[in-house]
Amino acid sequence: MSKRNIYMDHSATTPVREEVVEAMLPFYRELYGNPSSVHALGRTVRRAVEEAREKTALALGAEPTEIYFTAGGTESNNITLRGAAKKRGKPGHIITSSIEHHAVLDVCSELAAEGHRVTFLPVDHYGRVNVNQLQAAITPDTFMFSIMAANNEIGTLQPLAEIGEVAREHQILFHTDAVQLVGQLPIDLKSLNVDFLSLSAHKFNGPKGIGALYMRKGAKVTPLYCGGGQERKLRPGTENVPGIVGLSLALELAVAEIEEKRKRLEALRTKMIKGLLAISETILNGHPEERLPNNVNVSFKHIEGEAILLGLDLEGIAASSGSACSSGSLDPSHVLSAIGLDHPTAHGSIRFSLGRGNTKEDVDYLLQVVPRVVDKLRRISPTYHA
Amino acid sequence: MSKRNIYMDHSATTPVREEVVEAMLPFYRELYGNPSSVHALGRTVRRAVEEAREKTALALGAEPTEIYFTAGGTESNNITLRGAAKKRGKPGHIITSSIEHHAVLDVCSELAAEGHRVTFLPVDHYGRVNVNQLQAAITPDTFMFSIMAANNEIGTLQPLAEIGEVAREHQILFHTDAVQLVGQLPIDLKSLNVDFLSLSAHKFNGPKGIGALYMRKGAKVTPLYCGGGQERKLRPGTENVPGIVGLSLALELAVAEIEEKRKRLEALRTKMIKGLLAISETILNGHPEERLPNNVNVSFKHIEGEAILLGLDLEGIAASSGSACSSGSLDPSHVLSAIGLDHPTAHGSIRFSLGRGNTKEDVDYLLQVVPRVVDKLRRISPTYHA
Amino acid sequence: MYNERVVEHFSNPRNVGELPDADAIGENGSFKCGDTMKIYLKIKDDRIVDVRFLTFGCGAAIASSSMLTEMVKGKTLDEAMEITNQDVADELGGLPPLKLHCSNLAADALHNAIENYRKGKGKIETA
Amino acid sequence: MYNERVVEHFSNPRNVGELPDADAIGENGSFKCGDTMKIYLKIKDDRIVDVRFLTFGCGAAIASSSMLTEMVKGKTLDEAMEITNQDVADELGGLPPLKLHCSNLAADALHNAIENYRKGKGKIETA
Ligand SMILES: Cc1ncc(COP(=O)(O)O)c(C=O)c1O
Ligand SMILES: Cc1ncc(COP(=O)(O)O)c(C=O)c1O
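Residues numbered from 1 in each chain as written. Chains lettered and ligands numbered in written order. Predicted model: local features only at pLDDT ≥ 70, side-chain atom pairs only at ≥ 80, totals over all residues. Heavy atoms only, no water.

Here we look at the overall build of chain C
From N to C terminus, chain C includes 5 helices and 3 strands. The N-to-C order of helical and strand elements in chain C reads α-β-β-β-α-α-α-α. Taking 14 Å as the expected radius of gyration for a compact globule of 127 residues, we find that chain C reaches 14 Å, a close match to that expectation. Overall, the C-alpha framework of chain C stretches about 40 × 25 × 25 Å when taken along its three principal axes. (Helix = DSSP H or I, 4+ residues; strand = E, 2+ residues; numbered from the N terminus. Rg over C-alpha atoms; globule rule 2.2 N^0.38 Å.)

Examining the pairing of strand β10 (residues 295-300) of chain B
The side chains of a regular strand alternate between both faces of the sheet. Residue and element names in this part refer to chain B. By the criterion of burial, β10 is predominantly enclosed, with 6 of the 6 residues buried. Covered by surrounding structure in β10 are Asn295, Asn297 and Ser299 together with Val296, Val298 and Phe300, the residues of both alternating faces. Where strand β9 (residues 282-284) lies against β10, 3 bridges are found, and the strand directions are antiparallel. Paired with Thr282 across the bridge in β10 is Phe300. One ladder, built from 5 bridges, connects β10 with strand β12 (residues 349-353); its direction is antiparallel. Within β12, the residue paired with Val298 across the bridge is Ile350. (Buried < 20%, exposed > 50% of the residue type's maximum accessible area, 1.4 Å probe, protein only. Pairing = 2+ DSSP bridges.)

Details of the site of ligand 1
Lining the immediate environment of ligand 1, one finds 16 residues, of which Thr238 of chain A together with Thr74, Asp177, Gln180 and Ser200 of chain B sit closest. Mapping the residues near ligand 1 onto chains gives chains A and B. Side-chain polar atom of Thr74 of chain B to an oxygen atom of ligand 1: 2.6 Å apart, as the coordinates give it. The separation between an oxygen atom of ligand 1 and a polar side-chain atom of Lys203 of chain B is 2.9 Å. Within the complex, 97% of the 400 Å² of free accessible area of ligand 1 lies under protein. (Near = heavy atom within 4 Å. Polar contact = N/O pair within 3.5 Å; in protein donor to acceptor, adjacent residues only side chain to side chain. Areas by Shrake-Rupley, 256 points an atom, 1.4 Å probe, with all protein chains shown as cover.)

A look at the pattern of salt bridges
In total, this model carries 61 salt bridges over all chains according to the counting rule given. For the salt bridge of Arg53 of chain B with Glu50 of chain B, the shortest nitrogen-to-oxygen distance reads 2.7 Å. Placement of the pair is Arg53 of chain B and Glu50 of chain B together in helix α2 (residues 40-60), with a separation of 3 residues, close to one helical turn. Classification of Arg53 of chain B as buried rests on a relative accessible area of 5%. Overall, the relative accessible area of 26% leaves Glu50 of chain B in the partly exposed class. One salt bridge in this structure joins Lys42 of chain D and Asp23 of chain D, with 3.2 Å as the shortest N-O distance. Linking Lys42 of chain D in strand β2 (residues 36-44) with Asp23 of chain D in the loop between α1 (4-11) and β1 (24-29), this pair joins segments that are 19 residues apart in sequence. (Salt bridge = Lys/Arg side-chain N within 4 Å of Asp/Glu carboxyl O.)

Focus on the domain arrangement of chain A
Residue and element names in this part refer to chain A. One can read the domain layout of chain A as domain 1 (6-13 + 257-379) and domain 2 (18-256). Centre-to-centre separation of domain 1 and domain 2, based on C-alpha positions: 27 Å. Each partner contributes to the interface: domain 1 provides 33 residues, whereas domain 2 provides 34 residues. Interface area for domain 1 against domain 2, summed over the two sides, is near 2800 Å², with a carbon-plus-sulfur share of 53%. Of all residues in domain 1, Ile258, Leu292 and His334 bury the most surface against domain 2, accounting for 23% of the area lost on that side. Counting across the domain 1 and domain 2 interface gives 1 salt bridge. Of the charged contacts in the structure, one is a salt bridge between Arg128 and Glu290, with a shortest N-O distance of 3.6 Å. At the boundary of domain 1 and domain 2, one finds 19 residue pairs in polar contact (both at pLDDT 80 or more). Residue assignment for the side of domain 1 that touches domain 2 shows that the elements contributing at least two residues are α8 (258-277), β10 (295-300) and α10 (334-338). Take the side of domain 1 that touches domain 2: its biggest share by element is 5 residues, from α8. (Domains from an automatic or database assignment. Contact = heavy atoms within 4.5 Å. Buried area = accessible area lost by both parts, 1.4 Å probe.)

Here's the deal with the nonpolar core
If you look at the biggest cluster of nonpolar residues, it comprises 138 residues, and the most contacted ones within it are Phe145 of chain A together with Phe145 of chain B. Those residues in contact with Phe145 of chain B, other than ones at most four positions away along the chain, are Ile95, Leu134, Ile138, Ile163, Val166, Ala167, Ile172, Leu173, Phe174 and His175 of chain B. The next biggest cluster of nonpolar side chains, apart from the first, holds 67 residues, and it includes Leu265, Leu377 and Ile380 of chain B together with Ile83 of chain C. (Core = buried A, V, L, I, M, F, W, Y, C linked by side-chain atoms within 4.5 Å.)

A few points about helix α3 (residues 73-88) of chain A
Residues and elements named next belong to chain A. For α3, with 16 residues, the first-to-last C-alpha span of 22 Å sits near the 22 Å given by 1.5 Å per residue. Of all 16 residues in α3, 13 are buried; the element is thus mostly enclosed. Just beyond α3, the residue with positive phi is Gly89, at close to 85°. (Expected span 1.5 Å × (residues − 1).)

As for empty space enclosed by the protein
Scanning the entire structure with this criterion turns up 11 cavities of 30 Å³ or more. What the largest cavity holds in volume is close to 410 Å³. Together, 37 residues line the largest cavity, and Thr74 and His202 of chain A together with Pro236, Gly237 and Thr238 of chain B are the ones closest to its centre. Broken down by secondary-structure element, the contributors of at least two residues to the lining of the largest cavity are α3 of chain A together with β2 (67-70) of chain B. Take the lining of the largest cavity: its biggest share by element is 4 residues, from α3 of chain A. Class assignment of the residues belonging to the lining of the largest cavity gives a composition of 12 nonpolar, 18 polar and 7 charged. Put simply, the second largest cavity is a space of about 270 Å³. (1 Å grid on protein atoms, 1.4 Å probe; cavity = no way out; pocket = protein on both sides within 12 Å on 5 of 7 lines; lining within 4 Å. Points joined across faces, edges and corners; volume = space filled by probe spheres on them. Nonpolar A, V, L, I, M, F, W, Y, C, P; charged D, E, K, R; others polar.)

Overview of the relation of the copies chain B and chain A
Relative to chain A, chain B is turned by 180° and slid 0.0 Å along the rotation axis, the superposed coordinates differing by an RMSD of 0.0 Å. This pairing of chains is accounted for by a two-fold axis. Considering only C-alpha atoms, the residue of chain B closest to the rotation axis is Ala71 of chain B, which sits at 3.2 Å. A share of 100% of the interface residues of chain B reappears at the interface of chain A, consistent with the copies meeting face to face through the same patch. (Least-squares fit on C-alpha atoms with pLDDT ≥ 70 in both.)

Describing the arrangement of the chains
Of all 5 pairs of chains that touch, the greatest number of contacts is found between chains A and B. Looking at chain C next to chain D, you find no contact at all, with the nearest C-alpha pair sitting 52 Å apart.

Some remarks on the packing of aromatic side chains
If you walk through the whole model with that rule in mind, you get 5 aromatic pairs over all chains. Ring centres 4.8 Å apart and planes at 85° place the aromatic pair Tyr32 of chain A and Tyr7 of chain B in the edge-to-face group. In this pair, Tyr32 of chain A is assigned in the loop between α1 (18-28) and α2 (40-60) and Tyr7 of chain B in strand β1 (residues 6-7), connecting two distinct chains. Tyr7 of chain B carries the same exposure label as Tyr32 of chain A, and that label is buried. Look at Tyr225 of chain A and Tyr225 of chain B: their rings are 5.4 Å apart centre to centre, the planes differ by 10°, and that puts the pair in the stacked class. (Phe/Tyr/Trp six-rings, centres within 6.5 Å; stacked < 30°, edge-to-face > 60°.)

Here's the deal with the interface of chain B and chain A
Between chain B and chain A, the residue contacts involve 62 residues of the former and 62 residues of the latter. Around 4900 Å² of area is buried between chain B and chain A when both sides are counted, 57% of it from carbon and sulfur atoms. Summed over the shared surface of chain B and chain A, the result is 8 salt bridges. A salt bridge links Arg43 of chain B to Asp313 of chain A; the shortest N-O distance between them is 2.8 Å. Across the chain B-chain A interface, the total number found is 30 residue pairs in polar contact (both at pLDDT 80 or more). Listing elements by their share of the side of chain B that touches chain A, those giving two or more residues are α1 (18-28), α2, α3 (73-88), α4 (102-113) and α9 (305-314) of chain B. Broken down by class, the residue content of the side of chain B that touches chain A amounts to 27 nonpolar, 20 polar and 15 charged.

Structure (structure tokens):
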């Protein structure tokens, strides 16, 4: 089989779909007005922003007034957690999980340093939060749950509906970082008791540098930035209009194709997992069923992830070891530690994340290359004995 | 003269130049990788981001490590002021001007509410800060000056070099919001004692939703957001790569053409001011010489700005009344009040801001239309007597 | 932002000016946004037979002033007193929410004129 | 990220494996990133005549290990003791700053082997 270039790092980021690029272009060129300008050009652009808001709301089962555009998932998470803490004004208690993205985890740590109490719930070895434990952790001053919808490393899904019920029962705000879920699995905010939801366009074939925050009507946070009145003062600054238009179209298209894509990717994923687990001393990380349709995360014992990535890269395969965002760091992933992996096993983990462009041929090629790369590295390993 | 469409609202935002659009496109399409990814695609994109940083630094007379990409001018301002206050940790004193953009002014007000002391320096009737007053306002706990480089409404330039000297002498950090200056007039950070400088790409024919913060080596602020390690932790979140590439090219091109553009726009501006002041009971706002080459701000007495804008708009002329960002508000502009205009005069102010695309023909058309629109509205006015 | 009818009234405001022989003059100003309107009525047998206005204000204020003058012509004073700011906005086919308060000018100025008339004030002395 | 020479050593590492009749064995591990290297030396007249390695680690660690084994062959023990981690990185044409510490593995493992040898330890008992 001849060398191919295969991108299996869609959880890090995705290409922008051509329809989306085309929809954005007019807003760089002729429709460049500032939505805050009162003249005709400004008003035209304002309309486009508000239509994008409606489209985004519709795709999530929300109201347009519940959608706020931000610069990405990181910003949506920060605005929610810091904003709710600022709004509260006095110390309180936050419950989150120990496998959140750093944009939640580190904010929570900072809030803890500022005087709030934070419970970082453990997860089981599949990466699932236990709802009974969540319930048991509630204290009278608990004001916020922040539990991610799907984990970015191991793809494990959390029981959002159950968590939402607990939140409602105790009148606690519920934020979910759905950056990895949106565009992969259907979400209906009408039927979920979620108060805040973060999403980021570049994870579903939209542009980078634009995201959104869903904030349920009635929920309130204190804005972090001052400036103009944009996004009802929650995120001031001239709107990233092409980004907003791109986000909304990418989301609309992703949601329209979601079932078909899910089926297709799940079939590829199942085949990949089967093929990879055929390699000796290889384990699957994350939940076998309750996981994102596009996520495969395995640990190859005795070898180190970055070396595997480099080996794969030289064969044209793009994957990731732990979160792309934290791969500058050398500490083993906090997620893999939280599900109980020892350090060497955590270090040998690889995430393959599927996307729109991937085919059966990609998977065939991958399953041919990976065993070879793994074997070669294991021959250098001081702990491996074939 | 037949109807034309004339955009004279470049201080609100500008069209993206075609070269810039073309340079961004590959980063939506084939070069879509995440700069944090270790595989070949990620590394290629990382290189593009770092080249953009070098280009940006070069255009400002800075070092690449002194450039941080943000989501815009508003964010750069917020990161600087709040970040410096957070870093300081205890109350202190900030000196700013009374004519800053809301993204500085309102942050300062919030910091004041949080326990800092803030001096809002008055300005003279041209909108200039007095350096002696600035010096006199310094107290032992003064830790920051934030004085804008050029005002967004009236175009008045501030004496950055002198302010920088005072800052250095007293070892006070100096931030300048240069969102309106960058791309209009040369700036050399090697020869200015500025520690922080904010800029926003969409003001100089770059894309919306991307900006930068120059932070001098050695200057430090505490980041506001947590997340990944991007932008050396100052602004975490997946980089807006197309935006970054677009910003750097737009800046490079703007700086390369800056003298030629300045000369051309100053000639148009001079002609416009002369023509507009020929209308009775019309005054020029801002400084006659120390102003942005592209800014014309006049008050037409007896009539109201929004009505003038609408009248102009119906004739195909796009302009603004006060800052585009604050035009949702009905209070008279704080800038026009600060330079001493009474409310009715402030309400009758119009900003025409020139840009790359404007021609002599545009100015001729404008000078034909404006007197007609003004006259028509004055005939309806209860205070005007021809 | 503004609908076509608003723009039309703004572009071609009806009944602009003063009435040299007005029977009543009313005035209203919004302190907040600085808008002011002056209205002149010619009244015969308790009925408004002619009307003029002058307005300092935004597009919405001018269009509302113009629309109001169209609405009151021929009405009795009692009928005119019943016209509300909302009626004017409705007759214009609606105004942007942020601009609604600008239309509050017109009906109030009208009522002020009628009150002045009933108090016996506001008649212009013919020179 | 990595230059061509690093990638070449990673792709085709030299002197991989164990030496069944090694005169000295050294080991070094980085607690921080979990990398470990084992080095095997064959020594004759205070000179390194053969060398093998096994490494658990990233690309930089593997390439550094491979490069080091090339550098030490034929060197006296005194010469070998003078090889620094920086020398290895330099010989590789440089490593990314973030990855520099991964190359600290190799020279340290070598020195450990020589020290073991000098202390009379580390000789493999032939079975
Ligand atoms: C002086 C000044 N500062 C800051 C800003 C805010 O920039 P942005 O809207 O790109 O965040 C603007 C733009 O309106 C401005 O004119
Ligand atoms: C779960 C999760 N949350 C938040 C983020 C941050 O999103 P962005 O990088 O777009 O700010 C990511 C992306 O890496 C993510 O996977």
